[in-house]
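Fold and geometry: a report
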Amino acid sequence: MKIKNIAILTSGGDAPGMNSAIYGAFCECQKNDLKIFGIFNGYDGLIDNNFIELNYSFLSGRINRGGSILRCGRSKRFLKSNHFKLAITNLKNNKIDALIIIGGDGSLKGAMKLRDNGINVICLPGTIDNDLNFTYTIGFDTATNNIVNSIDNICDSLSAFNYGAIIKIMGNKCTDLIDTVGKAINTDLLIKSNDFNITNLAKSIKSNNDGNHLPPIVLVLENSANIENLCEILQEKCKIQFRPHILGYIQRGGTPSAFDRRYGISAGKLAIQSILDKKFNCAIGFDNNSLVSKSIENCFKF
Ligand code: F6P
């Protein structure tokens, strides 16, 4: 089979560097005289036959931005057999020889389902959560820096008033973001599950609040605690005012870091090389200082 047509989609939560990966794949396709089609809205676009042939004018000026120029999706329809069959039919009707899927663990599960139904897939790990079995996923570095920079801003105001802060951090079930940010700002006041001891937390806060330290900053992994309630309890116990902060999509959006751009571009190029070598049904990501290819099954941390 001669490879002619490739398709690419981004799925799950957007991650900075996804556009770089699309660009990397596009450049390699240009070099090898292949057509590459972007699919909009993740797996929903497969169902809706929402394909566009990528070209320079579509990509121009957008590849260095965060988010995804192909938009993302968390498709519920894809889980239903009639829609799934339609997705396969659309891939076949568009004569797609291989599909590149950029996303996190839910997206990779979708990729396995396509693979099991005869579609050639290549996955690239794109999620700020770092919840896949690679040293880093595309987007994690940028999100970490976004959070640290936001905390720096928050700290300016906290210091002026000696307030404490409780900051909700994304990551879904994965603690990599909160752990890395905790180290970067040198706090071990981390809440990573519902099962935490508020008395011990209050003790640590009081013992560090001697005027020689930064204001107390408690990082809370999303879904672990209600940060407004926590502020009230800690205010009472520590006799310091606390302010709740939900950074939200400030963590996930924004210009990708140099690391994530380089990662995305190189992984996108390698995905095309892998397709040309007929090495399908794998995931390509950054592990121990280089890009490696592994089976999709080996990518899951949870
Ligand atoms: O997967 C990325 C992520 O930002 C998670 O950290 C978070 O749990 C989730 O997506 C939020 O999803 P939504 O796009 O629905 O806000």
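You'll find the structure just up there.
Residues numbered from 1 in each chain as written. Predicted model: local features only at pLDDT ≥ 70, side-chain atom pairs only at ≥ 80, totals over all residues. Heavy atoms only, no water.

Here's the deal with the pairing of strand E5 (residues 121-125)
Moving residue by residue along a regular strand, the side chains alternate between the two faces of the sheet. Inclusion rule: The rule is simple: take the accessible area with a 1.4 Å probe, protein chains only, and divide by the maximum for that residue type; under 20% is buried, over 50% is exposed, in between is partly exposed. Helix and strand definitions follow DSSP, with helices as H or I runs of at least four residues and strands as E runs of at least two, each counted in order from the N terminus. If DSSP finds at least two bridges between two strands, the strands pair. Seen with its strands pointing away from the viewer, a crossover is right-handed when the path leading from the first strand over the helix to the second is clockwise.
When you tally the buried positions in E5, you get 5 out of 5 residues, the bulk of the element. Burial along E5 is two-sided: Val-121, Cys-123 and Pro-125 facing one way and Ile-122 and Leu-124 facing the other are all buried. As paired elements, strand E4 (residues 98-103) and E5 share 5 bridges and run parallel to each other. What sits directly across from Ile-102, in E5, is Leu-124. Of the crossover connections in this fold, the one passing from E4 over helix H5 (residues 105-116) to the parallel E5 is right-handed. As paired strands, E5 and strand E10 (residues 282-287) are joined by 2 bridges and run parallel to one another. Bridge pairing links Ile-122 to Cys-282 in E10.

Focus on the environment of Ile-169
Here is the rule we go by: Residues count as neighbours in contact if any of their non-hydrogen atoms are within 4.5 Å of one another.
Its place among the elements puts Ile-169 in strand E6 (residues 164-169). According to the relative accessible area criterion, Ile-169 is buried, its value standing at 0%. Ile-169 sits 53 residues away from Asp-116 along the chain, and the two C-alpha atoms are 35 Å apart. Not counting residues up to four positions away in its chain, the partners in contact with Ile-169 are Ile-147, Leu-177, Ile-178, Leu-219, Val-220, Leu-221, Glu-222 and Gln-251.

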